[in-house]
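Observations on the three-dimensional arrangement
So you can see what is in the structure, the chains are spelled out below.
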Amino acid sequence: MSAEESLDELAALAEAAGAVVVGRILQRRVHPDPASYLGAGKLVEVSAAREALNYTIVIVDDPLSPAQQLRLERELGVKVLDRSALILDIFASRARSHEAALQVELAQHRYLLPRLRGQWRHLERLEGAIGARGPGETQLETDRRLIGGRIARLQRGLESVRRQRALHRRRRARQGVSVVALVGYANSGKSSLLRALAGAEVLIADQPFATLD
């Protein structure tokens, strides 16, 4: 897939999440900048485009480290997502089954956990001030414990769902019920094929991840 094709797909994902794409910028370099993902000149270009495009969010096609995401948000003054966060947001809005909802929430918490420090950086700058010694780190550790506990509960919930599914699978095998899976890339026509083959009342839309379960 070329860079332009990948950006076309990213635009389709953004639109599936409810965004309106107002522009795109492509930078060609051997490796992303380890600190800010974009090079210094390109970062200035993206920042300057905000006045003309009036964008309110920037979506990056590649994975961002927590440090890169924080730096971009600080430099651009808007929320910054990478492709993984965008897809998780779409999944969260489309998940219907109990298992899918658990899986998506688990993935979201795992994605958020290493990014917590950036969320509380504004409080860490207050350390040492009278009446404000250490609140950032305290809140950071509290949030880590809360998210860690939620991750553990989600994992237990998923394990319970999987045990139930295994029981159902064995029951179907005993009854001689065949199970067929339709496997394909996002927006490749799986739902259309399912409706054509089985008459299933499933959503059909020309967008990635229109259905998830």
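Residues numbered from 1 in each chain as written. Predicted model: local features only at pLDDT ≥ 70, side-chain atom pairs only at ≥ 80, totals over all residues. Heavy atoms only, no water.

**Topic: the overall build of the protein**
Note the cut-off: In DSSP terms, a helix is any run of H or I states spanning at least four residues, a strand is any run of E spanning at least two, and both are numbered starting from the N terminus. Exposure is judged per residue with a 1.4 Å probe applied to protein chains only, and the accessible area is read against the type maximum: over 50% gives exposed, under 20% gives buried, and values in between give partly exposed. Shrake-Rupley sampling with a 1.4 Å probe provides the accessible areas, and residues are treated as covered by the protein chains on show and by no other component.
A tally of regular secondary structure across the protein gives nine helices and two strands. Helices (α) and strands (β) of the protein occur, in sequence order from the N terminus, as α-α-β-α-β-α-α-α-α-α-α. In the protein, which comprises 213 residues, the proportion classed as buried is 30%. Carbon and sulfur atoms make up 54% of the accessible area of the protein, which totals about 13,700 Å².

**Focus on the packing of aromatic side chains**
Using the following cut-off: Here a Phe, Tyr or Trp ring, Trp counted by its six-membered ring, pairs with any other such ring whose centre lies within 6.5 Å, and the pair is stacked when the planes are under 30 degrees apart, edge-to-face when over 60, and tilted otherwise. The rule for a charge over a ring is simple: NZ of Lys or CZ of Arg within 6 Å of the ring centre, and within 35 degrees of the ring normal.
Per the stated rule, a full pass over the model turns up one aromatic pair. With a centroid separation of 4.9 Å and an interplanar angle of 90 degrees, the aromatic rings of Phe-91 and Phe-209 are classed as edge-to-face. Residue Phe-91 is found in helix 4 (residues 83-94), and its partner Phe-209 is found in the segment after helix 9 (190-198); the two are separated by 118 residues along the sequence. A cation over a ring is seen here: Arg-115 above Tyr-111, with NZ or CZ 3.7 Å from the ring centre.

**Regarding the confidence of the model for the protein**
Interpreting fine coordinate detail is not advised for predicted regions of low pLDDT. Note the following rule: Each residue gets a pLDDT score, which is the predictor's confidence in that residue and runs from 0 to 100. Residue contacts are defined here by distance: any two heavy atoms, one from each residue, within 4.5 Å place the two residues in contact.
Overall, the predicted model of the protein reaches an average pLDDT of 84, with 89% of residues at or above 70. Mean pLDDT values over the elements of the protein span from 44, in helix 7 (residues 121-124), up to 94, in strand 1 (residues 57-60). Low pLDDT, under 50, characterises residues 120-134; the stretch is placed with 16 contacts to residues that sit more than four places away or in other chains.

**Considerations on unusual backbone geometry**
The backbone phi angle of Tyr-37 is positive, close to 70 degrees, even though this residue is not glycine. In this structure, Tyr-37 sits in the loop between helix 1 (3-16) and helix 2 (40-53). Note on Tyr-37: relative accessible area 13%, which makes it buried. The phi dihedral of Asn-187 falls on the positive side, at around 60 degrees, and the residue is not glycine. Within the secondary structure, Asn-187 is located in the loop between helix 8 (135-175) and helix 9.

**Quick word on a positive patch on the surface**
Going by this rule: Each patch is built from salt-bridge-free residues with over 30% relative accessible area, joining like charges within 9 Å and nonpolar side chains (Val, Leu, Ile, Met, Phe, Trp, Tyr) within 5 Å. Salt bridge, as used here, is a side-chain nitrogen of Lys or Arg placed within 4 Å of a carboxyl oxygen of Asp or Glu. Charge assignment in this entry is limited to Lys and Arg as positive and Asp and Glu as negative, and neither His nor the chain termini are counted. We put the charge of a Lys on NZ, of an Arg on CZ, of an Asp on CG and of a Glu on CD.
A cluster of like positive charges, contributed by Arg-169, Arg-170, Arg-171 and Arg-174, occupies part of the molecular surface. One can find Arg-174 in helix 8.

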